[in-house]
Amino acid sequence: MLLLLATPAWSKSESDQDDIARQYEQAKAYYQDLVTHDKGKDRNSWLTSVTAFRSIYKAAPDHQVAPKSLFMLGKIFQTMFSQSGKAHDLDQAISAYEELSSRYPGNTLADDAFFILGDIFRSDKKDPGKAARAYAKIIAIYPEGDMAAAAQERLLQVKHAATTPSPLPAKEEIREKCIIPQAVDEPQQKDLAGEKTGMATVLPIHHWSNKRYTRLVVETTGPVTFKHQTLTGNEASPRRIYIDLHNCRLSPESIKTIPIEDGLLRRVRNAQFDPQTVRVVLDTQTNISNYKVFTLADPFRVVIDVMSNDAPPEKAKEPDDKRKATTRGKKVSPANKAQSPTLARQLELGIKRIVIDPGHGGKDPGTCSPSGLKEKDIVLDVALRVAKIIREKLGCEVILTRDRDVFIPLEERTAIANAKEADLFLSIHVNAAPNHDAHGIETYVLDLASNKDAMRLAAMENATSAKQISDLQAILLDLMQNSKINESLKLAGLVQDKMVSGLNQKFSDVSNLGVKKAPFVVLIGAQMPAILTEIAFLSNPEEEKRLRNEAYLAEVANHISGGVAQYVESMRLVANYRHPISR
Ligand SMILES: [Zn+2]
């Protein structure tokens, strides 16, 4: 009879190490026996083999046979899948290979595991996206390995297949995923940050900047830990900020030096500092008063906000061309074009440039109603109306973060507002709640969540889990140092009141849920008064009906603009007091 008992993990003596090696040889012999003889038709025999390799891996994860055992587990479950056709068996195989590649990235079997994963996703799971990612990881992480050339070939095949019409639809199509409101106690998804992490790859860095502000976003293929520090320099070698990302590699397509030259930062460099560490260095051109680093999940990214300590000059005298912002080299919206000087500008008024942010877009539809009405479409409609009214009636310049159905990451929306030195930021959303009776209007400013519902909503709008929201709360006070909390509250109050009182004149039972606080990612780091308004509940049947009504949306836009107008007017009084206008 075969002895399949494993040694406890705490035994590290040489004889125990030999025992583990011996057990592995026995398990391997048993496996060979199954493969070469008829016994392999019996599922229970395979399960015995699974138990053997799993015990070895569990007992001695540091032993050199541990990754081999995971590899064997993957192979066995693949065989079981071919016999049973059960998706569960295939999933077990996938998780064994994934564990191998993430836990033992330096092992010679790691790239083989990625390759097999690629083939499973391509052939069995019919998921070319995941297949491509697995092959791409081999090319990125093991460019010198023996699987790199084959992975490159497979990657091309997958990409070719993706552009060639397939006679049969794939099992799982990539499609929009509506946000479903959930109670705050049920995390929407696994908390990736808490999981075991393998080697992550650093993707190309994005940045938005002007001479007083720069936001950098470093995306990685998985959660990473990091540390950051400043180096005080002299004239020859100015001050630097660096961020070390642990357990990371640079992807080949990541640019090594990004010239910025905006007066604040000279450039950003990244390099493989040591085999496990990617260092991102920010070379500065002037005194940095402040910088903040925080992380966002799904996909994992590290966000770095850098501020100068130069006081902003008189805005009204600043020509447009100095306000140019870098936005990944792509056009954010036609509305971004500098406009001819407006009446408001000429009068040196307080509020000149307003960013309107229609929530979600593209692959992110936001919340959806059972009949298929999508938040992203409603808020775009309202935002375009608000933009038109504000331009025409207030004479302010309006920048839309999106003016069509396109996906824009949350941190990019704030970065646009900061880099463009906007005076107000207004994000427009539609609410949803597990309780379908919930209805009404609420407007938010950035702060610690005022209650559980605010927490739930922030998790929903941030497209993240409740756990990650509480992590965010912990660092929020530090991140909020530069936020204009009092002005934001004032703006929120005016917009909320105008909407509620205005809509109640034409429609019945428009509930006032008030001004609230929550940690919305889209508001983090905004250097101007910034609010997020939830114009109605798509989860409420009555309000869903209203959101289909053009007249209702027009009224909503009217009253949002009315609230903004009141705020602008109040600032105008302040401006006139400071710089009296001759009449
Ligand atoms: Zn939303």
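The following paragraphs examine the structure supplied in this document.

Reading guide: rules and limits
Throughout, residues of each chain are indexed from 1 in the direction in which the sequence is written. In keeping with the model being predicted, local features are shown solely for residues with a pLDDT of at least 70 and side-chain atom pairs are shown and tallied solely at 80 or more, while totals for entire chains, interfaces and linings include all residues. With hydrogens and water set aside, each side-chain value is computed from the structure's full complement of heavy atoms. Coordination here is defined by N, O and S atoms within 2.8 Å of the metal (3.2 Å for Na, K and Ca), and since water is not considered, a site can look incomplete. Here's how the labels work: a residue is buried when its accessible area is under 20% of the maximum for its type, exposed when over 50%, partly exposed in between, all with a 1.4 Å probe on protein chains only. Strands were regarded as paired on the criterion that DSSP finds at least two bridges between them. Helical segments are the DSSP runs of H or I of at least four residues, strand segments are the runs of E of at least two, and each set is numbered from the N terminus. A fitted line through C-alpha atoms serves as each axis, taken over the contacting stretch for helices, and the angle formed by two N-to-C directions is quoted from 0 to 180°. Residue contacts are defined here by distance: any two heavy atoms, one from each residue, within 4.5 Å place the two residues in contact. Any Phe, Tyr or Trp ring, taking Trp's six-membered ring, that has another such ring centre within 6.5 Å forms a pair; planes under 30 degrees apart are called stacked, those over 60 apart edge-to-face, and the others tilted. Should an angle fall under 35 degrees it is taken as roughly parallel, and over 145 as roughly antiparallel, whereas 65 to 115 is taken as roughly perpendicular and any remaining angle as oblique. By definition, turning the near helix anticlockwise from the far helix through less than a right angle yields a left-handed crossing, and turning it clockwise yields a right-handed one. Here is how to tell: hold the view so the strands point away, follow the path from the first strand over the helix to the second, and if it runs clockwise the crossover is right-handed. In this description, a nonpolar core means a group of buried Ala, Val, Leu, Ile, Met, Phe, Trp, Tyr and Cys residues linked to one another through side-chain atoms lying within 4.5 Å. As defined here, a cavity is a set of points on a 1 Å grid over the protein atoms alone where a 1.4 Å probe fits but cannot get out. A pocket is an open set with protein on both sides within 12 Å along at least five of seven lines, and residues line them when an atom is within 4 Å of a point. Grid points are joined across faces, edges and corners, and a volume is the space filled by probe spheres set on the points. In the scheme used here, Gly and all other residues not listed as nonpolar or charged are polar, with Ala, Val, Leu, Ile, Met, Phe, Trp, Tyr, Cys and Pro taken as nonpolar and Asp, Glu, Lys and Arg as charged. To estimate how far a helix should extend, the number of its residues minus one is multiplied by 1.5 Å. Salt-bridge detection follows one rule: a side-chain nitrogen of Lys or Arg within 4 Å of a carboxyl oxygen of Asp or Glu.

1. Some points on the coordination of the zinc ion
- Protein ligation of the zinc ion involves H360 (NE2), E375 (OE), H429 (ND1), E461 (OE) and E461 (OE), the donor distances falling in the range 2.0 to 2.4 Å.
- Taking the relative accessible area as the measure of exposure, E375 reaches 1% and is therefore buried.
- When its relative accessible area of 3% is taken as the criterion, H429 is described as buried.

2. Here we look at the sheet that holds strand β10 (residues 288–296)
- With antiparallel pairing, four strands are arranged side by side in an open sheet as β2-β3-β11-β10. Both outer strands of the open sheet, β2 (206–210) and β10, are each paired with one neighbouring strand and no more. Adjacent strand axes in the sheet meet at a mean angle of 10°, parallel and antiparallel pairs treated alike.
- Bridge count for β10 against strand β11 (residues 301–308) is eight bridges, and the pairing is antiparallel. The residue bridging V293 from the neighbouring strand is I304, located in β11.
- Helix α10 (residues 410–419) contacts β2, β3 (213–219), β10 and β11 of the sheet and is inclined by roughly 160° relative to β3.

3. Side note on the packing of aromatic side chains
- This model, assessed by the stated rule, comprises seven aromatic pairs.
- Judged by centre distance (5.8 Å) and plane angle (70°), the rings of F71 and Y97 are edge-to-face. Taken together, the positions of F71 in helix α3 (residues 65–84) and Y97 in helix α4 (residues 87–103) put the pair 26 residues apart, joining distant regions of the chain.
- By relative accessible area, which is 14% here, F71 ends up buried.
- Note on F114 and Y142: the rings are 6.4 Å apart at their centroids and 45° apart in plane angle, and the pair reads as tilted. Of this pair, F114 sits in helix α5 (residues 110–124) while Y142 sits in the loop between α6 (128–141) and α7 (148–163), placing them 28 residues apart in sequence.
- Taking relative accessible area as the criterion, Y142 reaches 12% and is therefore assigned buried.

4. Topic: the side chain of Q496
- Residue placement: Q496 occurs in helix α13 (residues 485–506).
- Dropping the residues within four chain positions of it, Q496 is found in contact with I441, E442, T443, N512, L513, G514 and V515.

5. Quick word on the packing of helix α2 (residues 43–59) against α3
- It is at 9 Å that the axes of α2 and α3 come closest, and there the two elements cross at 160°. With respect to each other, α2 and α3 are oriented roughly antiparallel. The hand of the α2/α3 crossing is left-handed. Along the contact surface, α2 presents R43, W46, L47, S49, V50, F53, R54, I56 and Y57, while α3 presents V65, A66, S69, L70, M72, L73, I76, F77, T79, M80, Q83 and S84.

6. Thoughts on the pairing of strand β12 (residues 353–358)
- Across the six residues that make up β12, a large majority, six, are buried.
- The alternating pattern of β12 places R353, V355 and D357 and I354, I356 and P358 on opposite faces, both of which are buried.
- Pairing analysis gives four bridges linking β12 to strand β13 (residues 397–400), with the strands arranged parallel. When the bridges of β13 are listed, I354 appears paired with V398.
- In this fold, the crossover linking β12 to β13 by way of helix α9 (residues 375–394) has right-handed handedness.
- Pairing geometry for β12 and strand β14 (residues 424–431), over five bridges, is parallel. What sits directly across from P358, in β14, is I428.

7. A word on the sheet that holds strand β7 (residues 257–259)
- With respect to topology, five strands assemble into an open sheet ordered β4-β5-β9-β8-β7, the strand pairing being antiparallel. Edge positions in the sheet fall to β4 (226–231) and β7, since each has one partner strand and no second. In this sheet, adjacent strand axes meet at a mean angle of 15° when their direction is disregarded.
- Where strand β5 (residues 240–246) meets strand β9 (residues 277–284), seven bridges bridge the pair, whose relative direction is antiparallel. Residue I243 lies in a different strand from β9, and its bridge partner there is V280.

8. Focus: the nonpolar core
- If you look at the biggest cluster of nonpolar residues, it comprises 51 residues, and the most contacted ones within it are F53, L73, I76, Y97, L100, L117 and Y135.
- Secondary-structure elements contributing two or more residues to this core are α1 (14–36), α2, α3, α4, α5, α6 and α7.
- The greatest single-element share of this core, amounting to nine residues, is contributed by α3.
- The residues contacting I76, other than those within four sequence positions of it, are Y31, W46, S49, V50 and F53.

9. Let's talk about empty space enclosed by the protein
- Under the definition given, this model contains five cavities of 30 Å³ or more.
- What the second largest cavity holds in volume is close to 70 Å³.
- Forming the walls of the second largest cavity are V445, L446, S483, K484, I485, S488, L523, A526, M528 and A530.
- Put simply, the parts of the chain that give the lining of the second largest cavity at least two residues each are β15 (441–446) and α13.
- Considering only residue class, the lining of the second largest cavity consists of seven nonpolar, two polar and one charged.

10. A few points about α13
- Its 22 residues give α13 an end-to-end C-alpha distance of 32 Å, which sits within 8% of 32 Å, the value for a rise of 1.5 Å per residue.
- Among all positions in α13, only S488, L491, A492, G493, V495, Q496, M499, V500, G502 and L503 are buried.

11. Here we look at the environment of G362
- The residue G362 is located in the loop between β12 and α9 in this model.
- Overall, G362 belongs to the buried group, its relative accessible area being 15%.
- Considering only alpha carbons, one finds G362 and E176, 186 residues apart in sequence, at a separation of 7.9 Å.
- If we skip the residues at most four places from it in the chain, G362 touches E176, K376, D405, V406 and F407.

12. As for the pattern of salt bridges
- Enumeration over the complete set of coordinates arrives at 23 salt bridges.
- Between E411 and R301 there is a salt bridge; the shortest N-O distance is 2.8 Å. Taken as a pair, E411 in helix α10 and R301 in strand β11 lie far apart in primary sequence, 110 residues in all.
- The exposure class of E411 is buried, given its relative accessible area of 3%.

13. Observations concerning unusual backbone geometry
- With an omega of -5°, the peptide bond between D298 and P299 qualifies as cis.
- Position of P299 among the secondary structure elements: in the loop between β10 and β11.
- Positive phi, normally seen in glycine, also occurs at E261, with a value near 50°.
- Counting through the fold element by element, E261 comes out in the loop between β7 and β8 (265–274).
- The backbone phi angle of E421 is positive, close to 50°, even though this residue is not glycine.

All quantities given are derived from atomic positions and should not be read as evidence of function.
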